[in-house]
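# What the coordinates show
Single-letter residue listing:
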Amino acid sequence: MMKTSRERTGEKWLTERKSLLMQGAEARVFEGTFCGRKAVFKERFRKNYRIRQLDDHLTKERMKNEARSLSRCQMAGIPVPAIYEADLFNRRLITAKIEGLTVKRLLKEAEDQGDLSKIDNILYQVGQGIAKLHGINIIHGDLTTSNMIFSDGKIFLLDFGLSSSSDKVEEKAVDLYVLERAFGSTHPNLNLRYPHAIEGYLHSVGKKSRSALLKKLDEVRLRGRKRSMEG
Amino acid sequence: MVCVIGFEGSANKLGVGIVRDGEVLANPRVTYVTPPGEGFKPGPTAKHHREHIIEVLRKCLDEAKISPSEIDAVSFTQGPGMGAPLVSVAVVARTVAQLWNKPLIGVNHCVGHIEMGRLITGADNPTVLYVSGGNTQVIAYAARRYRIFGETIDIAIGNCLDRFARVLKLSNDPSPGYNIEQMAKNGKKFVPLPYVVKGMDVSFSGLLSFLEERTDKLLKEGYTAGDLCMSLQETMFSMLIETTERAMAHTGSQEVLIVGGVGCNKRLQEMMGIMAEERGAKLFATDMRFCIDNGAMIAQAGCRMFEAGMFTGIENSSITQRFRTDEVEVKWRD
């Protein structure tokens, strides 16, 4: 079989998409190689359930959000996968592959082993990581334990498609509330451990923002629970 | 053999149904319909239910062709919903339970929808999209609870549809949502509207304000009412499908079930079907008889609770307007 010129130059420049890792809500995620390095290919295929105009608009916005947030995190030293290529036309983002377990898997394993201190430790680190993210005014928009990978002693944040930029305490509190809710439904038996994540978060922010955030978080929680069911 | 009668009246539908071993024996229903431009309010809705409940109960027993002695328990909607209508129906449920000397079972309305959906479609462990006038939730079962993965952070989808129907002065007969669905079929030009998704949660209030403020202007600019209905549906439904898919990706689920009144919408079902197909999952949906609030769904949840020995003493049978889906311990599932 003929080899392409790219391949002929050797392993070093090899770029190929291999097997499907998973199909998320917005994209198919493949693993492969980019210029000889292990990479993740995130392809936002056309969603045929929504009309074309809406699909084009959302895809473009989200790819831009994701690329922008990833590069801002990288500059600030927050653990995220490095961007290799952002191709708006082909709806494809190539990033470094982070080797490790998702925080979801890690917590389930620790739960099965009954290792509470490990759970608390992970959650504390998760909180610290989010505080750092909020510190540079990035709102993730879809924090779940599936969107975090524990690797090399650090927690890497993934999937910034719904991210935005804001310095408002309201947005940060909603971001944390989204995680709290996702956590509660994904790890129902670990609800009592969750405050460790908040603790890690608060530990990493200034005293003034600490009380403002806690107040806002209570407000947001109440809004969710006490919403009128009438109508 | 378990045979339970169920009473439902948490909003503007009043229904009484009987389910015996998974078979719906009767399920009559009446709807309180208000004039165009008007919503239904608690007081008049409760009055409507009080006026019709005896005839609906009679009809239910006649259609089922059984006598009260063959019934094992009386179930009723304990919440969530509008206070006054809930009370007016609960009173009748308590009364017949004592009259016939049967145990009482207070049912969470949302759990009723889920159990009915599972019964009718045969879905085993689906991710559930529950969409109605008062609720918008993405639910999945885990560790003995129906856990809420995502929901609206402000108003429910049906509430948003109803209120937009009022802006256009559409008829409330048979329902505002149905009339929006018909209008949307004539829509051609898409109007970009606020699209707000936060993880697995959605928000509709900004979308509604946007339309309330601009409808007159948009109509003058040459958009038709159909265009607006189509754009509204496309935007809201896309938000719901997206969050449902996110929950499915997160939980690794391969089944999806739509329940609740808005679940009758054919376009919503079509969109969900495409999403499911694209990820190799299966869609389950029901029709108007069971999507829209009805008595049989309360009876079916009552059957499951009866089997699990979950009864409600008269002293604990007061209704509650706010009753979250995840408050119920689902003892009848593993």
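The model shown is predicted, which means the values in this text are computed figures rather than measured ones. Each chain has its residues counted from 1, following the order in which its sequence is written. As a convention, the first chain written is A and the first ligand written is 1, with the rest following in written order. Thresholds applied to this predicted model are a pLDDT of at least 70 for local features of residues and 80 or more for the giving and counting of side-chain atom pairs; totals over whole chains, interfaces and linings are not thresholded and use all residues. The basis for every side-chain value is the complete set of non-hydrogen atoms in the structure, without hydrogens or water.

## Here's the deal with the interface of chain A and chain B
Pairs of residues are marked as contacts when any of their non-hydrogen atoms sit within 4.5 Å. If you look at the interface, chain A gives 40 residues, while chain B gives 46 residues. The term buried area refers to how much accessible surface (probe radius 1.4 Å) is lost by two components on association, counted for both of them together. Carbon and sulfur atoms supply 51% of the area buried between chain A and chain B, which totals about 3700 Å² over both sides. One side-chain nitrogen of Lys or Arg within 4 Å of one carboxyl oxygen of Asp or Glu is enough to make a salt bridge. The interface formed by chain A and chain B includes six salt bridges. The salt bridge partner of Asp142 of chain A is Arg246 of chain B, with a shortest N-O separation of 3.4 Å. By the criterion applied in these results, polar contacts are pairs of N or O atoms within 3.5 Å in which, for protein atoms, one can donate a hydrogen and the other can accept it, and in which residues neighboring in sequence qualify only through two side-chain atoms. Our enumeration of links across chain A and chain B arrives at 17 residue pairs in polar contact (both at pLDDT 80 or more). Comment: elements are numbered from the N terminus, with helices defined as DSSP H or I runs of at least four residues and strands as E runs of at least two. Secondary structure elements with two or more residues in the side of chain A that touches chain B: α2 (52-76), α5 (169-186) and α7 (207-225) of chain A. Following the grouping adopted for this structure description, the nonpolar residues are Ala, Val, Leu, Ile, Met, Phe, Trp, Tyr, Cys and Pro, the charged ones are Asp, Glu, Lys and Arg, and the polar ones are all others, Gly among them. Here the side of chain A that touches chain B is composed, by residue class, of twelve nonpolar, 14 polar and 14 charged.

## A few points about the UniProt feature "binding site: a divalent metal cation" (unreviewed entry) in chain B
All names here are of chain B. With numbering matched to this structure, UniProt assigns "binding site: a divalent metal cation" (unreviewed entry) to His109, His113, Tyr130 and Asp293. The annotated residues occupy 185 residues of the chain but converge on a single region, no pair of C-alpha atoms lying more than 11.9 Å apart. On the secondary structure map, His109 appears in helix α3 (residues 109-121). Any residue under 20% of the maximum accessible area for its type is buried, any over 50% is exposed, and the rest in between are partly exposed; the area is computed with a 1.4 Å probe on protein chains only. Judged by its relative accessible area of 3%, His109 is buried. Not counting residues within four places of it along the chain, the set of residues in contact with His109 comprises Glu8, Ser10, Thr77, Gly79, Pro80, Tyr130, Asp293, Met297 and Ile298. UniProt positions are given in the numbering used here, feature names are shortened, and annotations may be inferred rather than shown by experiment.

## Side note on the domain arrangement of chain A
Residues and elements named next belong to chain A. Where each domain starts and ends comes from a domain assignment, either automatic or drawn from a database. For chain A, the assigned domains are domain 1 (11-96) and domain 2 (101-230). Spacing between the C-alpha centres of domain 1 and domain 2 amounts to 24 Å. Counting residues at the interface gives 15 residues for domain 1, matched by 16 residues for domain 2. When the two sides are added together, the surface that domain 1 and domain 2 hide from each other amounts to roughly 1300 Å², 62% of it contributed by carbon and sulfur. It is Arg72, Ile78 and Pro79 that lose the most area in domain 1 upon contact with domain 2, and together they represent 42% of the buried surface on that side.

## Details of the UniProt feature "binding site: substrate" (unreviewed entry) in chain B
Residue and element names in this part refer to chain B. The UniProt entry lists Tyr130, Val131, Ser132, Gly133, Gly134, Asp162, Gly177, Glu181 and Asn265 under the feature "binding site: substrate" (unreviewed entry), expressed in the numbering used here. Here Tyr130 shows up in strand β7 (residues 127-131). Apart from the residues lying within four places of it in its own chain, the contact partners of Tyr130 are His109, Cys110, His113, Asn135, Thr136, Gln137, Ile139, Val259 and Gly260. Among the polar contacts listed, one links the side chain of Tyr130 to the side chain of Asn135, at a separation of 3.3 Å. With respect to the helices and strands, the residue Gly134 is situated in the loop between β7 and β8 (136-142).

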